[in-house]
Amino acid sequence: ADTDGDGVVDGVEYAVGFDPTVPNSYALLCGFELMDGLSVGLLNTKQGWDASPQEGALIVSDLARRGSQSARLSGLDETASHSVTSSQAKCRVRSFIYLDSQHEPPTNLPDKASCVVSYSSSNGIVAWDGTHSAWMLASNTLLQNQWMCLDVQVDFSNRTWALAVNDISHLSGLGFASSEA
């Protein structure tokens, strides 16, 4: 059943933590599987993804949380981004990532981004607060070599966002990373 009529069945919305009674309560519901239209190889330009450099983001089959494929960034300078348009003033993006010990926050931020999340191998998950132009630490998130869930709640009306890690709220009231977002 699709109670809210948004084209995503209730079970899928419930499984990823969205409300199946609220239409379009998600901004991006994306998998990296063959059934999602993605095959092993470069991620760039597939299903709205933009990777820099192009060869730095890959769909791989040697590591997956569920299913048989996932997306992988090759190193410290690689980025993968996906633009999202929503008619809702508030929306939510939930993703699962696997972190190893090599990552550090970038020094060059995207030109048009509302939310930027990164990882510091010495501190854990960090989020860019555009209001204070600083990385904010999500405490107790020094989690390496394991899957974790990132849940971003965006409020376009107030141009703020919040971050939860593994269903625990860590940061809120963060300003958009870019004034152009």
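See the structure above.
Remember, predicted model here, so these are calculated numbers, not experimental data.

**Student:** Requested: an account of the nonpolar core, with residues and values cited.
**Tutor:** Core analysis: the biggest nonpolar cluster contains 17 residues, and Ile125, Met148, Trp161 and Leu163 have the highest contact counts within it. Contributing elements (two or more residues each) for this core: strand E6 (90-99), strand E8 (124-129), strand E10 (146-155), strand E11 (160-165) and strand E12 (168-175). With 6 residues, the next largest nonpolar core counts Leu38, Leu43, Trp49 and Ala57 among its residues.

**Student:** Can you lay out the packing of aromatic side chains for me, pointing to particular residues and giving the numbers?
**Tutor:** As enumerated under the stated definition, the model contains 2 aromatic pairs in all. Between Trp128 and Trp135, the aromatic rings sit 5.3 Å apart at their centres with planes inclined by 75 degrees, giving edge-to-face as the arrangement. Classification of Trp128 as buried rests on a relative accessible area of 15%. You can call Trp135 partly exposed: its relative accessible area is 26%. Seen from their ring centres, Phe156 and Phe176 are 5.8 Å apart, and the 85 degrees between their planes marks the pair as edge-to-face. With Phe156 in the loop between E10 and E11 and Phe176 in the segment after E12, the pair connects residues that are 20 residues apart, well separated along the chain. Taking relative accessible area as the criterion, Phe176 reaches 7% and is therefore assigned buried.

**Student:** Explain the side chain of Asp129 to me, and be specific about the residues and the numbers.
**Tutor:** Inspection of the secondary structure puts Asp129 in strand E8. In this structure, Asp129 is buried with no salt-bridge partner, the nearest side chain bearing the opposite charge being Arg159 at 11 Å.

**Student:** Could you give me a rundown of the sheet that holds strand E7 (residues 117-120), with the residues and numbers involved?
**Tutor:** The strand order across the open sheet built from 3 strands is E7-E8-E9, with neighbouring strands paired in antiparallel fashion. Strands with a single pairing partner mark the edges of an open sheet, and in this sheet they are E7 and strand E9 (134-137). Looking at each pair of strands side by side, their axes are set apart by 40 degrees on average, direction ignored. Here E7 pairs with E8 via 4 bridges, running antiparallel. Opposite Val117, over in E8, you have Ala127 as the bridge partner.

Criteria and thresholds
- Residues numbered from 1 in each chain as written.
- Predicted model: local features only at pLDDT ≥ 70, side-chain atom pairs only at ≥ 80, totals over all residues.
- Heavy atoms only, no water.
- Core = buried A, V, L, I, M, F, W, Y, C linked by side-chain atoms within 4.5 Å.
- Buried < 20%, exposed > 50% of the residue type's maximum accessible area, 1.4 Å probe, protein only.
- Helix = DSSP H or I, 4+ residues; strand = E, 2+ residues; numbered from the N terminus.
- Phe/Tyr/Trp six-rings, centres within 6.5 Å; stacked < 30°, edge-to-face > 60°.
- Lys, Arg positive; Asp, Glu negative; His and termini not counted.
- Salt bridge = Lys/Arg side-chain N within 4 Å of Asp/Glu carboxyl O.
- Pairing = 2+ DSSP bridges.
- Axes fitted to C-alpha atoms, helices over the stretch in contact; angles between N-to-C directions.

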